[in-house]
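# Residue-level structural notes
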Amino acid sequence: MGVLWWLVLGWVGVGTAAHNLSLSFVPQSVVVTFGETASFDIEANGYVSSSFDLQLYWPQDEAMQIASNQTIPLTMGWNNRTVSLLIEPLKQGRFIVQPHIEPTGAVDDSRLFLLIKVAMYKPLMIISLMVGWAYTACWSAGYYPQIWLNYRRKSVVGLSFDFLYINIVGHMSYVLFNAFLYWNSFVEDEYYRRHPFGLNPVIGNDIGFAVHAVFGTGFTIFQCRIYETGGNSVSNPAKGIIATYLLIIITTMACAVVDKIHWLDFLYVLSYIKLSTTMIKYFPQAYMNYRRKSTEGFEIMNRLLDLAGGLFSILQMVINAWNFDDWRSIGGDPVKFGLGIFSILFDLVFMFQHYILYRKRNDNAPVEYPMLPKAP
C-alpha cells in the first residue's frame, strides 16, 4: 500500500485553539484506470476566529501527479468552502492519501484521507461489475427453487429443519450487524476510531441482500408449518446450538447496555455468529441425506445456484486483484475467503450425494433423522 503525504500549511492570525474547522474529501474513495485523471473535492467546514489562507503544497510522488498547488481562503466566522483538484495516477495499486497539517490543531484531520484504487484496464472493471451482479443474482435466486418444490409437493419431507433454523439465526444476526453499522452514527464513529483509514464496510446492497435472505429462509420455515413434515422436526442438538447463540446475544447486549463493552463489539459478536452458522448449517442436511440414502425433497438447484455464486465471487476477487495489482486483497480477509471455499465444498458434497450416491428415487425413505438422533 502506497502512502502519499501532503503538506498543508496555514497562516493563522490568532491561536489555533480558537478554530473549529474540518477538512474532508468528497468522494473519499475513488476508482480510476491507469492514465485516467481522478477528480475530487476538498471541503472546508467550520468556524474560524480570524481570516487566513490555508495553502496546500503537493510534493512529488512516484504514484501520483498533482497539477498545481491550491489555496483555500477562509474568512472570520463560519466557512463552507470547496476546492476541486485533479490527480493523475502513475501506476496500478491501492493508495491512501493522508495529510500532514501545520500548524497543529488548526484543522480537524481525524478523517482526512483519500483512498484511490487504480486499475489497469477499464473493460475488466466492467466485467468485474457484471460478475458481481451475477453472483448476487445467483445467491438471491437460490431460495426459490426449494420454495417452489415445497409448494408443488405440498410437503417438506426431506428438508432439514435444523439447517433452516440455524440458517435464519445467522441471517438475522447479519441483518442487525449491517443495519446498525450502516445507519447508526454512534457505531460508525467508533468503527472509524478503531480503523482510522477505513471506510464503512457496509453498503446499501448488503442490507438488501441480508433482508432478502431472512425473507427466503423465513418463508421456507413457514412452509414447514403448513405442509406435510413426515414427522421431521428440529433436533435437540440444533435447539442447544440456537439456545447458545441466544444466550451469547442476550449476554453481550446486556454488557453493551451497561457500558461494559461498546455496541460495536456487540455487532462484531453478531457477525461471528453469522460466520459460525455458515460453518455448521450444512451438516444437518448432508447427514439427513446420508441417513435417508436419498435427496428427495431437497432441491439441488439451490445448491447449483449457490455454487455458481461462490465461483463468480472468487472470480471477481481474482479479476480485481490482477486489475488493481492488489493480490493481498484476497488474503486480507481469510475468514470470508475460507467460508466461501467451505460453502463450495459442501455444494460439491450435495451434488455428489444427489447425482452419484443416491441417484435412484426413494420416496419412502424415513425422514425422522435431523442433525443427530433425538434423545430418547
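Refer to the structure above for everything that follows.
Residues numbered from 1 in each chain as written. Predicted model: local features only at pLDDT ≥ 70, side-chain atom pairs only at ≥ 80, totals over all residues. Heavy atoms only, no water.

### Description of the overall build of the chain
Broken down by element type, the chain carries eleven helices and ten strands. For the chain, the residues scored as buried account for 45% of the 376 residues in total. Residue pairs at least 24 apart in sequence account for 79% of intrachain contacts in the chain once pairs closer than 6 positions are excluded. For the chain, the exposed surface amounts to about 19200 Å²; the carbon and sulfur share of it is 64%. (Helix = DSSP H or I, 4+ residues; strand = E, 2+ residues; numbered from the N terminus. Buried < 20%, exposed > 50% of the residue type's maximum accessible area, 1.4 Å probe, protein only. Contact = heavy atoms within 4.5 Å. Areas by Shrake-Rupley, 256 points an atom, 1.4 Å probe, with all protein chains shown as cover.)

### Some details on the pattern of salt bridges
In a structure, side chains of opposite charge can pair up when their charged atoms sit close to one another. In total, this model carries five salt bridges according to the counting rule given. Between Arg194 and Asp265 there is a salt bridge, with its nearest N and O atoms 2.8 Å apart. Within this pair, whereas Arg194 is found in helix H4 (residues 185–194), its partner Asp265 is found in helix H7 (residues 263–280), the two being separated by 71 residues in sequence. Residue Arg194 is classed as partly exposed on the basis of its relative accessible area of 30%. When its relative accessible area of 24% is taken as the criterion, Asp265 is described as partly exposed. Connected through salt bridges with shared partners, the residues Glu190, Arg193, Arg194 and Asp265 form a single ionic network. (Salt bridge = Lys/Arg side-chain N within 4 Å of Asp/Glu carboxyl O.)

### Considerations on the nonpolar core
Leu181 and Phe350 are the most contacted members of the largest nonpolar core, which has 40 residues in total. Counting residues per element, the ones that place at least two in this core are helix H3 (161–183), H4, helix H5 (204–226), helix H6 (236–257), H7, helix H8 (282–292), helix H9 (300–323) and helix H11 (334–357). With eight residues, the top contributor of residues to this core is H3. Ignoring any residue separated from it by four or fewer positions in sequence, one finds Phe350 in contact with Tyr282, Gln285, Ala286, Asn289, Phe298, Ile300 and Arg303. Core analysis: the second largest hydrophobic core is formed by 24 residues, Val48, Ile72, Val97 and Val107 among them. (Core = buried A, V, L, I, M, F, W, Y, C linked by side-chain atoms within 4.5 Å.)

### Re the packing of aromatic side chains
If you walk through the whole model with that rule in mind, you get 20 aromatic pairs. Members of the aromatic cluster, joined through ring pairs, are Phe163, Tyr282, Phe283, Phe298, Phe342, Phe346 and Phe350. (Phe/Tyr/Trp six-rings, centres within 6.5 Å; stacked < 30°, edge-to-face > 60°.)

Interpretation note: all reported values are geometric properties and have no functional meaning in isolation.
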